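Coordinates in review
Chain by chain, the residues:
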Amino acid sequence: MKNIKTGGIRAQQKERTRRNLIKAAFNQLNAEQGFTSLSLREVAREAGIAATSFYRHFRDMDELGLAMVDESGLTLRQLLRQARKRIKKGGSVLRTSITTFIEFIDKNPKVFLLLLRERAGTSSAFRSAIAREIQYFIVELTDYLDNANQIPHHYNEAQAEAMVTIAFNAGAEAIDFDIAQRQKLIEDLIFQLRMISQGAYYLYHKEQIKQSND
């Protein structure tokens, strides 16, 4: 029984140290210094462990970076899921979702910087991981649209992909915006995404009319 308890404490300590390493790496990201510039020794030092102890938690810095990408995507997806729950209680789908997204960037600029930079970085592992995270957003939004819209799946999938792409590109601009600029960006995004949504409906109904006339 004592060994089980001790093992549980060690597992918690190991997880805590792992979390501290991820947090330390995020803390050291800034506009000038990307992930590839981070020092293993500096990250370990900020996390409060010896550099040699780093390898008990990650094989190398790349594995740490991939864990950071996974956490970034999961954090944002959880926020957007919460936003969709609020939508069920009343409110605009687009406004609530976009406002949540921009607020996330405002509060977590380093998290978004990681996704933004490594999306076009030199590491194929990073690019694949970020592409996978973005695909998760597309799949979740497609599922939401499938339940909310009375149009075929491939229409919802196409508009979900367009919406996510536009939102991420806008997020890159939002990092350096002030409050007024971000508010304008939110309004512009809502308008653009509404056009995509209405365009999907228009194309679907146009196709239905064409088929009925054939």
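Here the structure is shown first, and the text comes after it.
Presented here is a report on the structure given in the accompanying data block. Keep in mind that this is a model prediction, so the values were computed, not measured.

A word on the packing of aromatic side chains. Per the stated rule, a full pass over the model turns up 8 aromatic pairs. Centroid distance Phe101 to Phe112: 5.9 Å. Interplanar angle 80°. Geometry classified as edge-to-face. Of this pair, Phe101 sits in helix 4 (residues 93–107) while Phe112 sits in helix 5 (residues 109–119), placing them 11 residues apart in sequence. What makes Phe101 buried here is its relative accessible area of 4%.

Next up on the list: the environment of Thr99. The residue Thr99 is located in helix 4 in this model. Looking at Thr99, the relative accessible area reads 23%, which means it is partly exposed.

Time to look at the pattern of salt bridges. Within the structure shown, the criterion is met by 10 salt bridges. Note that Arg45 and Glu42 form a salt bridge whose closest N and O atoms lie 3.1 Å from each other. You can see Arg45 and its partner Glu42 sitting in helix 2 (residues 40–47), 3 residues apart, about one turn around the helix. Residue Arg45 is classed as exposed on the basis of its relative accessible area, which comes to 57%. The class for Glu42 is partly exposed, based on a relative accessible area of 34%. Between Arg132 and Asp70 there is a salt bridge whose closest N-O contact spans 3.8 Å. In this pair, Arg132 sits in helix 6 (residues 124–148) while Asp70 sits in helix 3 (residues 61–88), placing the two residues 62 residues apart along the sequence. Residue Arg132 is classed as partly exposed on the basis of its relative accessible area of 37%. Taking relative accessible area as the criterion, Asp70 reaches 35% and is therefore assigned partly exposed. In the salt-bridge network here, residues are joined through shared partners; they are Arg77, Arg81, Glu133 and Glu140.

The next subject is the environment of Val43. Mapped onto the secondary structure, Val43 falls in helix 2. By relative accessible area, which is 0% here, Val43 ends up buried. Taking the C-alpha atoms as reference, Val43 lies 52 Å from Leu203; in sequence the two are 160 residues apart. For Val43, the residues in contact, after removing those within four places along its chain, are Leu21, Ala24, Ala25, Gln28, Leu38, Met61 and Leu64.

Let us look at the packing of helix 7 (residues 153–174) against helix 8 (residues 179–213). Running from N to C, helix 7 and helix 8 point in directions that differ by 165°, and their axes come no closer than 10 Å. As summarised for this structure, helix 7 and helix 8 are arranged roughly antiparallel, according to the angle between their axes. Once helix 7 is placed against helix 8, the crossing between them reads as right-handed. Each of Tyr155, Gln159, Ala162, Met163, Ile166, Ala167, Ala170 and Ala174 in helix 7 lies in contact with helix 8, whose residues at this interface are Arg182, Leu185, Leu189, Gln192, Leu193, Ile196, Ser197, Ala200, Leu203, Tyr204 and Glu207. Grouping the constituent residues of the contact of helix 7 with helix 8 by class yields 14 nonpolar, 3 polar and 2 charged.

Looking at the element boundaries, Thr17 is found in helix 1 (residues 2–28). Once you skip the residues sitting within four places of it in the chain, Thr17 turns out to touch Ile49 and His57.

This part takes up the nonpolar core. Note that soluble globular proteins tend to have their nonpolar side chains buried in a common cluster. By size, the foremost hydrophobic cluster in this structure holds 56 residues, and its most contacted members are Leu64, Met68 and Ile102. For this core, the secondary structure elements donating two or more residues are helix 1, helix 2, helix 3, helix 4, helix 5, helix 6, helix 7 and helix 8. Of the residues forming this core, the biggest block, 8 residues, is contributed by helix 6. Setting aside residues no more than four positions away along its own chain, Leu64 makes contact with Leu21, Ile22, Ala25, Val43, Phe54 and Phe58.

With that settled, the discussion passes to helix 4. Under the 1.5 Å per step criterion, the end-to-end length of helix 4 is 21 Å for 15 residues, consistent within 8% with the ideal 21 Å. Three or more residues of helix 4 are buried, namely Leu94, Thr96, Ser97, Ile98, Thr100, Phe101, Ile102, Phe104 and Ile105.

Here is what the cut-offs are and how they apply
- Here the residue numbers are simple positions, counted from 1 along each chain's written sequence.
- Owing to the predicted nature of the model, reporting of local features is limited to residues with pLDDT of at least 70; listing and counting of side-chain atom pairs is limited to 80 or more, with chain, interface and lining totals taken over all residues.
- Side-chain numbers come from the whole structure's heavy atoms, not from hydrogens or water.
- Stacked, tilted and edge-to-face pairs are distinguished by plane angle, under 30 degrees for stacked and over 60 for edge-to-face with tilted covering the rest, among Phe, Tyr and Trp rings (Trp via its six-membered ring) whose centres lie within 6.5 Å.
- Runs of H or I in DSSP of at least four residues are treated as helices and runs of E of at least two as strands, each being numbered from the N terminus.
- Per-residue accessibility, obtained with a 1.4 Å probe over protein chains only, is compared with the maximum for each type, and a residue is labelled buried under 20%, exposed over 50%, and partly exposed between these values.
- Only one rule defines a salt bridge in this text: a Lys or Arg side-chain nitrogen within 4 Å of an Asp or Glu carboxyl oxygen.
- Note on contacts: a residue pair qualifies if any of its non-hydrogen atoms lie within 4.5 Å across the two residues.
- Helix axes are fitted to C-alpha atoms over the stretch in contact, other axes to C-alpha atoms as well, and angles between N-to-C directions run from 0 to 180 degrees.
- For classification, angles of less than 35 degrees are called roughly parallel, those exceeding 145 degrees roughly antiparallel, those between 65 and 115 degrees roughly perpendicular, and all remaining angles oblique.
- Should the near helix be turned anticlockwise from the far one by less than a right angle, the crossing is left-handed, and should it be turned clockwise, the crossing is right-handed.
- Put simply, Ala, Val, Leu, Ile, Met, Phe, Trp, Tyr, Cys and Pro go in the nonpolar bin, Asp, Glu, Lys and Arg in the charged bin, and everything else, Gly too, in the polar bin.
- The definition of a nonpolar core used throughout is a set of buried Ala, Val, Leu, Ile, Met, Phe, Trp, Tyr and Cys residues joined through side-chain atoms within 4.5 Å.
- A helix is expected to span 1.5 Å multiplied by its residue count minus one.

What is shown is where atoms sit, not what they do.
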